[in-house]
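# Remarks on the overall topology
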Amino acid sequence: MELKAKPTKTGKLKTRLSSVANAIRLIKVFSDDEYEIGISDLGKRLHLPKSTVHRLATTLVEVGMLEQNPESGKYRLGLVVFELGSLVRRKMDFSSEAKPYLMELREKTDETVHLAILDHASIVYINSLESKQAIRMTLEVGMRKPAYATAAGKVILAFQPDETVARLFAGGLKELTANTIVDPEAFRQELASIRARGYAIADEENELGARSLAAPVRDHFGNVIAAASIAGPSHRLTKKILISFAPDVIAAADAISARLGYRPLRSARQHHLS
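Residues numbered from 1 in each chain as written. Predicted model: local features only at pLDDT ≥ 70, side-chain atom pairs only at ≥ 80, totals over all residues. Heavy atoms only, no water.

On to the overall build of the protein chain, then. The helix and strand tally for the protein chain stands at nine helices and eight strands. Among the 274 residues that make up the protein chain, the fraction classed as buried is 44%. In the protein chain, of all internal contacts separated by at least 6 residues, the share reaching a separation of at least 24 is 56%. When the accessible area of the protein chain is evaluated, it comes to approximately 15,400 Å², of which 55% is carbon and sulfur surface. (Helix = DSSP H or I, 4+ residues; strand = E, 2+ residues; numbered from the N terminus. Buried < 20%, exposed > 50% of the residue type's maximum accessible area, 1.4 Å probe, protein only. Contact = heavy atoms within 4.5 Å. Areas by Shrake-Rupley, 256 points an atom, 1.4 Å probe, with all protein chains shown as cover.)

See below:
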């Protein structure tokens, strides 16, 4: 039964949400066995009038979610659906492909290790393996942190276009601790230092009592798309000990990058540890 728009704002919202739900239902009707379906069959499957299904299909064709066979008039899934599915698959594969190297890094450092990606002004943790020590850093998959105050965020930002960093400044940098770098010029200098040495450190910049170190992960084009990092309590993970783990973190990040197809030139950057 087709919903009719009511004069109230709530009614209009419900109608729009119903249309979105029906569009999703329509897309999910297609399968390997039935990759092309006509309007009549779609209407029967969805228990919707042909006129409603036709409007939904027309809209989905316009945005590339569906395609129409010019000969039969039937509909099939469009390239946009394929692209979105490929994106999800790459993210899932990315996390699973990285896990063995993250586990090895945890064994070497005995600290919590993470894999994070940049999302606007935040980093999102897509993999996290906790240290086995009694006192340890705990971060759940899906958790967000300010990119400018974390080692993972800073090392990704260091290799992003200038406009990405400029947008970060436009939103303002909030001082989370006394160690948080909030001055734009000082932050730019920090990013330059990170590019030079090949890794980033967060020294109690996001929260007191916690330190982390991260190295960049690259895709097959050489773009920095993520960061591998270790984190632990500052009383155990002193700056000297933290920096001593830099080669291990870099090696793990490079191994993940290689797994993703990255092949650096023989004259690629050398990591200068300080």
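To continue, consider the environment of Ala 151. Tracing the sequence through the fold places Ala 151 in helix 5 (residues 151–157). Between the alpha carbons of Ala 151 and Ala 227 there is a distance of 8.6 Å; along the sequence they are 76 residues apart.

This part covers the nonpolar core. Counting residues in hydrophobic clusters, the biggest one holds 27 residues, and the most contacted among them are Phe 94, Leu 102, Leu 115, Leu 213, Val 217, Ile 230 and Ile 256. Secondary structure elements with two or more residues in this core: helix 4 (79–109), strand 3 (112–119), strand 4 (122–129), strand 7 (210–218), strand 8 (224–233) and helix 9 (246–259). Core analysis: the second largest hydrophobic core is formed by 26 residues, Ile 123, Val 155, Leu 157 and Ala 202 among them. (Core = buried A, V, L, I, M, F, W, Y, C linked by side-chain atoms within 4.5 Å.)

This part takes up the confidence of the model for the protein chain. Across the protein chain, the average pLDDT comes to 85, with 86% of residues at or above 70. Mean pLDDT across the elements of the protein chain ranges from a minimum in helix 1 (residues 9–29), with 76, to a maximum in helix 5, with 96. In this model, residues 1–8 is a region of pLDDT below 50 whose contacts with residues beyond four sequence positions or in other chains number 12 contacts. Here residues 266–274 scores under 50 on pLDDT; set against residues more than four positions off or in separate chains, the count is 18 contacts. (pLDDT = per-residue confidence, 0-100.)

Opposite charge on two side chains lets them pair, provided their charged atoms get close. For the coordinates displayed, the defined rule picks out 14 salt bridges. Of the charged contacts in the structure, one is a salt bridge between Glu 207 and Lys 145, with a shortest N-O distance of 4.0 Å. Here the residue Glu 207 occupies a position in the loop between strand 6 (200–203) and strand 7, and Lys 145 occupies one in strand 5 (residues 144–146), the gap between them amounting to 62 residues. A relative accessible area of 34% means that Glu 207 is categorised as partly exposed. Residue Lys 145 is classed as buried on the basis of its relative accessible area, which comes to 18%. Linking Asp 203 and Arg 211 is a salt bridge whose minimum nitrogen-to-oxygen distance equals 2.6 Å. (Salt bridge = Lys/Arg side-chain N within 4 Å of Asp/Glu carboxyl O.)

All chains considered together, the criterion is met by one cavity of 30 Å³ or more. Put simply, the largest cavity is a space of about 210 Å³. Lining the largest cavity are 19 residues, and of these Tyr 125, Thr 150, Asn 206, Ser 212 and Ala 231 sit closest to its centre. Of all the secondary-structure elements, those providing two or more residues to the lining of the largest cavity are helix 5, strand 7 and strand 8. At three residues, the largest contribution of residues to the lining of the largest cavity is made by strand 7. (1 Å grid on protein atoms, 1.4 Å probe; cavity = no way out; pocket = protein on both sides within 12 Å on 5 of 7 lines; lining within 4 Å. Points joined across faces, edges and corners; volume = space filled by probe spheres on them.)

The next subject is the packing of aromatic side chains. The tally for this structure, following the rule as stated, stands at one aromatic pair. Aromatic side chains Phe 169 and Phe 187 sit 6.0 Å apart centroid to centroid with 85° between the ring planes, which places their arrangement in the edge-to-face category. Taken together, the residues span a long stretch of sequence, with Phe 169 in helix 6 (residues 162–170) and Phe 187 in helix 7 (residues 184–197) at a distance of 18 residues. Given a relative accessible area of 15%, Phe 169 falls into the buried group. The ring centre of Tyr 199 lies 5.1 Å from the NZ or CZ of Arg 197, which sits over that ring. The ring of Phe 159 is capped by Arg 218, whose NZ or CZ atom sits 4.9 Å from the centre of that ring. (Phe/Tyr/Trp six-rings, centres within 6.5 Å; stacked < 30°, edge-to-face > 60°. Lys NZ or Arg CZ within 6 Å of the ring centre and 35° of its normal.)

The subject of this paragraph is unusual backbone geometry. Residues other than glycine seldom take positive phi values, yet His 47 does so here, at roughly 60°. Mapped onto the elements, His 47 comes out in the loop between helix 2 (39–46) and helix 3 (50–62). Note on His 47: relative accessible area 63%, which makes it exposed.

The next point concerns the environment of Ile 250. Relative to the elements of secondary structure, Ile 250 occurs in helix 9. Taking the C-alpha atoms as reference points, Ile 250 and Val 217, 33 residues apart in sequence, are found 8.9 Å from one another.

Another point: helix 6. Looking at helix 6, one finds that the buried residues are Thr 164, Val 165, Leu 168 and Phe 169. What you see down the axis of helix 6 is that its buried residues fit within an arc of 140°, all on one side. Looking at helix 6, the residues exposed on the side facing more than 90 degrees away from the buried face are Asp 162, Arg 167 and Ala 170. For helix 6, the secondary structure elements touched by its buried residues are strand 3, helix 5 and helix 7. (Arc of directions from axis to C-beta.)

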